[in-house]
Amino acid sequence: MDKSMLRSRLFYYLLLLSLLTLTAIFIFSTRSNERGSGKETAQSTSPASGRPDQISILIENSYLPYIRQIAARYEEQYGIKVDIRSTDINSLHDQIEDSILRGGTDLDIILVDTVWTTGFARSGLLEPLRNYVTGSVIDKLVPIAYNQRVISNDLYALPDLYAFPVIMEEKFLYYNESMLRSAGIYAPPATWEELKDMAKYIQDKGLAKYGLIWSWKPGEGLITDYTLLANALGVQAKDANGRWVFNEGGGVQALEFMVNTLRSSGLSDPASLTAGDMSAIETFAEGKTPFLISWAYADPILSRKPGFKMALVPGFQGYQRSSTVTGGGALGITRTSRHKDWAWKFIDLTISMRNEVSAKDQIGGLSVWNEQIDQFENEEKYLNRNLMTEQFEYAINRPSMSSYVEWSGVLQDAITSALICRKTARQALDEAKAEIEKQGIK
């Protein structure tokens, strides 16, 4: 064979090899870009670590029924066991930190409370979800549910989503309609002043020993109730210039109101000081107390019992009509997870199964999906639908900051010291502000 023919054949083989390579690259690129092709849910990349035998999730107790249903589908679809661990909300934050920051963990997914997102993201506990969540999914989310989980960072031009929202929460007034009617009262109170008068009237008739049960066990429940009361009196934790003002004006009045309901008026059950969210709901459900302030997830629990109703949280005379505080949970992938793609597949099922397994029905609260909010407002089976959406008009967020848990801890101690009469409300809040500034919390 002469050299010219050899060169021709070599050229032909090289050309053929190049064409085959380009074809393979094209097919691979097409498949890799399926996530941006208009499909609603994200498509995860091939798991680098292979298919695990199990993924692990840590959540709050009230999410158990919902997460178990998603887990059953996940195990059926992927053949991977889901290890579900749960605890009460007051213990969840510390359990997450203890598991991840102090010695490593096998946790893949954690429930992230609204106010923990910033701190968890900036301390490196959470994996950003930019590679998983598409624009078509984001467009379907209620903006407030999405925005509460988006954190700016120093590495990327656009903020990142760090946890995928499951449910939106807010607090309501619950009342024992049967007890009120026994006292000749046929409507819930519109103001805190009316609530106090009603409770006193019911007590005088011997129908109840106390008028109100709260969840004031040292924990986040103290902060949420103090926040909604301070907001009802026109005060937020910070002013427009970012200065802490909770120890001024309405902030002091709010704590004084809390103290007086326990110590002077006999309105609040002293058991509130040791009650968590669920134990307060259970005590109220026994039918011995006319009023309860609690989250939306109390609604499906109490609606199974006759005679209990939901209403707007009262306002104070001369101020806005109502006041509440927001909350809600989201699912985040831990930065330490060895199975991030498989963890996302679990979260992805909460998206694709949202109409089949409804978080709002399983947990309570409001959906994070625009389409379900529209359906919710038109479905007759949801008796409180209009009230729940109206309550959001009077909602306030707790402060969003990296050091939220530290800030909350200082304020919890201050509120507790006033409730047990170790300090006056003003003294407790003044000292709390001084300590927060000393720690450099902003």
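Just so it is clear, the model here is predicted, and its values are computed rather than measured. (Residues numbered from 1 in each chain as written. Predicted model: local features only at pLDDT ≥ 70, side-chain atom pairs only at ≥ 80, totals over all residues. Heavy atoms only, no water.)

As a further point, take empty space enclosed by the protein. Rolled over the atoms, a probe with the dimensions of a water molecule shows which regions are left empty. Throughout the structure, instances matching the rule amount to two cavities of 30 Å³ or more. Roughly 100 Å³ of volume is contained in the largest cavity. Put simply, the parts of the chain that give the lining of the largest cavity at least two residues each are β6 (164-165), α13 (340-352) and α14 (359-363). Residue composition of the lining of the largest cavity, grouped by class: nine nonpolar, four polar and two charged. Considered as a void within the structure, the second largest cavity measures approximately 30 Å³ in volume. (1 Å grid on protein atoms, 1.4 Å probe; cavity = no way out; pocket = protein on both sides within 12 Å on 5 of 7 lines; lining within 4 Å. Points joined across faces, edges and corners; volume = space filled by probe spheres on them. Helix = DSSP H or I, 4+ residues; strand = E, 2+ residues; numbered from the N terminus. Nonpolar A, V, L, I, M, F, W, Y, C, P; charged D, E, K, R; others polar.)

Now for the packing of aromatic side chains. For the structure shown, the criterion picks out 17 aromatic pairs. Centroid distance W244 to W407: 5.6 Å. Interplanar angle 20 degrees. Geometry classified as stacked. Residue W244 is located in the loop between α9 (220-232) and α10 (250-263), and its partner W407 is located in helix α17 (residues 404-419); the two are separated by 163 residues in the primary sequence. Exposure remark for W407: the relative accessible area of 2% places this residue in the buried category. Through successive ring pairs, a cluster of aromatic residues spans W192, W214, W216, F257 and F316. Positioned above the aromatic ring of W342 is the side chain of K345, whose terminal nitrogen or guanidinium carbon lies 5.3 Å from the ring centre. Just above the ring of W369 sits the side chain of R354; from NZ or CZ to the centre is 4.3 Å. (Phe/Tyr/Trp six-rings, centres within 6.5 Å; stacked < 30°, edge-to-face > 60°. Buried < 20%, exposed > 50% of the residue type's maximum accessible area, 1.4 Å probe, protein only. Lys NZ or Arg CZ within 6 Å of the ring centre and 35° of its normal.)

Further remarks concern the pairing of strand β9 (residues 291-295). A large share of β9 lies buried, amounting to five of its five residues. The sheet contact formed by strand β7 (residues 169-176) and β9 spans five bridges and is antiparallel. Across the sheet, Y175 pairs through a bridge with F291, a residue of β9. Sheet topology note: the strand β8 (residues 212-213)/β9 ladder contains two bridges and is parallel. (Pairing = 2+ DSSP bridges.)

Right, let's get into the nonpolar core. Counting 138 residues, the largest nonpolar core has F164, W192, Y226, F346 and W407 as the members making the most contacts within it. Here the element with the most residues in this core is α17; it accounts for eight residues. Formed jointly, this core draws a minimum of three residues from each of two domains, domain 1 (54-166 + 328-364) and domain 2 (170-326 + 400-439). Once you skip the residues sitting within four places of it in the chain, W192 turns out to touch L212, W214, L229, F257, I293, V313, P314, G315 and F316. (Core = buried A, V, L, I, M, F, W, Y, C linked by side-chain atoms within 4.5 Å. Domains from an automatic or database assignment. Contact = heavy atoms within 4.5 Å.)

Taking 1.5 Å as the rise per residue, α9 with 13 residues should run 18 Å; its terminal C-alpha atoms sit 18 Å apart, in good agreement. In terms of burial, α9 is a largely internal element, 13 of the 13 residues being buried. Following α9 by one or two positions, G234 adopts a phi angle in the positive range, close to 85 degrees. (Expected span 1.5 Å × (residues − 1).)

As a further point, take α10. The first and last C-alpha atoms of α10 sit 19 Å apart over 14 residues, in line with the 20 Å expected at 1.5 Å per residue. Most of α10 is tucked away, with ten of its 14 residues classed as buried. Residues of α10 that are buried include every one of G250, G251, V252, A254, L255, F257, M258, V259, T261 and L262, and no others. Where α10 is buried, its residues meet α8 (192-204), α9, α17 and α18 (425-438).

The next point concerns the packing of α10 against α18. Two elements in contact, α10 and α18, have axes whose closest approach is 9 Å; the angle formed by their N-to-C orientations is 125 degrees. It follows that α10 is oblique to α18 by the angle criterion. In this structure, the crossing between α10 and α18 has a hand that is right-handed. On α18, the residues that touch G251, V252, L255 and E256 of α10 are A425, R426 and L429. Residues of the contact of α10 with α18, tallied by class, amount to four nonpolar, one polar and two charged. (Axes fitted to C-alpha atoms, helices over the stretch in contact; angles between N-to-C directions. Parallel < 35°, antiparallel > 145°, perpendicular 65-115°, else oblique. Left-handed = near helix turned anticlockwise from the far one by under 90°.)

Now for the pattern of salt bridges. Evaluated as defined, the whole model comprises 15 salt bridges. Between D239 and R243 there is a salt bridge; the shortest N-O distance is 3.3 Å. Take R243: its relative accessible area is 40%, and that puts it in the partly exposed class. (Salt bridge = Lys/Arg side-chain N within 4 Å of Asp/Glu carboxyl O.)

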